[in-house]
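Next come the chains, spelled out residue by residue.
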Amino acid sequence: NAAIFAFKTLKFFRDGFLFSIRFKLVVALMALMLVPLIGAQSWMAWRMHRSHVEVETAAVERGLQRLLVAIDTELKLHEKLVNDWANWTEFAHYVQQPQRSFAEANLNPDAIAAAGFRWIAVLDGQQRTLRTVSRDSTDPLAVLASPYGPHLLRVPEPGERGCGLGRWNGEWMALCRQ
């Protein structure tokens, strides 16, 4: 069988089919059909990829916009809560004249947990620490000594945001000041 196949193949080339007009026409017609098909497929793949990228980009932008709105809303709630505590009359009196009974009753882990705080640091007008309370392992003095410290220790200007996001010990935290 192999010998017959080789003979037929040699006969195929020997008869000059490779150079005949029929072979040239078949190759030309195939090329005329394949070139537009390959071109159309390439164009469609490029166009679909571009459209897909645009759709994905728009979806990511919408998702990020929703995330930013949620974060902004959360920061505003924290800012309001910190502002409420700062403008609490008894708290303001405590800052001016610290009293142990007020601190034990209102500045303890249970009280800050009820307010939704992880930790709190109370400083007087000269930035001396009056009290620090933490309901977890966070050290408020370490946070104040960190790169966030200068921002947290500065009194916000009127209309300036008092809260922002910060990363501490691998977790995101809302850091607020008033």
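Described in the following lines is the structure provided in the data block. Just so you know, these numbers come straight off a predicted model, no measurement behind them.

### What about a nonpolar patch on the surface?
Piece 1. Taken together, the side chains of Val 26, Met 30, Leu 34, Leu 37 and Ile 38 present a nonpolar region at the surface, about 480 Å² in accessible area.
Piece 2. In this fold, Ile 38 is placed in helix α2 (residues 21–86).

### Section: the layout of surface pockets
Where empty space is left in the structure can be found by rolling a water-sized probe over the atoms.
Piece 1. Considering only enclosed or pocket space, the largest pocket measures out at about 920 Å³ in volume.
Piece 2. What lines the largest pocket is a set of 33 residues, among which Val 82, Ala 121, Cys 176, Arg 177 and Gln 178 lie closest to the centre.
Piece 3. In terms of residue class, the lining of the largest pocket is built from 22 nonpolar, six polar and five charged.

### Regarding the pattern of salt bridges
Piece 1. The tally for this structure, following the rule as stated, stands at four salt bridges.
Piece 2. Between Asp 72 and Lys 76 there is a salt bridge whose closest N-O contact spans 3.3 Å. On the criterion of helical spacing, the pair formed by Asp 72 and Lys 76 is a turn pair, its members being four residues apart in helix α2.
Piece 3. Looking at Asp 72, the relative accessible area reads 28%, which means it is partly exposed.
Piece 4. Between Arg 128 and Asp 124 there is a salt bridge whose closest N-O contact spans 2.7 Å.
Piece 5. We classify Asp 124 as buried; its relative accessible area is 12%.

### Brief notes about the packing of aromatic side chains
Piece 1. One pass over the full model with this rule turns up two aromatic pairs.
Piece 2. With 6.3 Å between their ring centres and 55 degrees between their planes, Phe 91 and Phe 102 make a pair best called tilted. Of this pair, Phe 91 sits in helix α3 (residues 89–96) while Phe 102 sits in helix α4 (residues 100–106), and the two are eleven residues apart along the sequence. This pair shows no difference in class: Phe 91 is buried, exactly as Phe 102 is.
Piece 3. Ring pairs connect the aromatic residues Phe 91, Tyr 94 and Phe 102, which therefore count as one cluster.

### Looking at the nonpolar core
Piece 1. Trp 85, Leu 107, Phe 117 and Ile 120 are the most contacted members of the largest nonpolar core, which has 13 residues in total.
Piece 2. Listing elements by their share of this core, those giving two or more residues are α2, α3, α4, α5 (109–115) and β1 (119–123).
Piece 3. Setting aside its immediate chain neighbours within four residues, Phe 117 contacts Leu 81, Val 82, Trp 85, Ile 112 and Arg 135.
Piece 4. In terms of nonpolar packing, the next biggest core, distinct from the first, is built from seven residues, Trp 119, Val 143, Leu 144 and Trp 168 among them.

### Re unusual backbone geometry
Piece 1. We note that Gln 127 has phi near 65 degrees; this positive angle belongs to a residue other than glycine.
Piece 2. In this fold, Gln 127 is placed in the loop between β1 and β2 (129–134).

### Considering the environment of Asp 110
Piece 1. Within the fold, Asp 110 resides in helix α5.
Piece 2. For Asp 110 and Val 133, which are 23 residues apart along the polypeptide, the C-alpha to C-alpha distance reads 9.8 Å.

### Regarding the pairing of β1
Piece 1. The sheet contact formed by β1 and β2 spans five bridges and is antiparallel. Paired with Trp 119 across the strands is Ser 134, a residue of β2.
Piece 2. With antiparallel pairing between neighbouring strands as the criterion, β1 and β2 make up a hairpin whose turn holds five residues, including Gln 127 at a positive phi of roughly 65 degrees.

Calculation rules
- Residues numbered from 1 in each chain as written.
- Predicted model: local features only at pLDDT ≥ 70, side-chain atom pairs only at ≥ 80, totals over all residues.
- Heavy atoms only, no water.
- Patch = residues over 30% accessible without salt bridge, like charges linked within 9 Å, V, L, I, M, F, W, Y side chains within 5 Å.
- Areas by Shrake-Rupley, 256 points an atom, 1.4 Å probe, with all protein chains shown as cover.
- Salt bridge = Lys/Arg side-chain N within 4 Å of Asp/Glu carboxyl O.
- Helix = DSSP H or I, 4+ residues; strand = E, 2+ residues; numbered from the N terminus.
- 1 Å grid on protein atoms, 1.4 Å probe; cavity = no way out; pocket = protein on both sides within 12 Å on 5 of 7 lines; lining within 4 Å.
- Points joined across faces, edges and corners; volume = space filled by probe spheres on them.
- Nonpolar A, V, L, I, M, F, W, Y, C, P; charged D, E, K, R; others polar.
- Buried < 20%, exposed > 50% of the residue type's maximum accessible area, 1.4 Å probe, protein only.
- Phe/Tyr/Trp six-rings, centres within 6.5 Å; stacked < 30°, edge-to-face > 60°.
- Core = buried A, V, L, I, M, F, W, Y, C linked by side-chain atoms within 4.5 Å.
- Contact = heavy atoms within 4.5 Å.
- Pairing = 2+ DSSP bridges.

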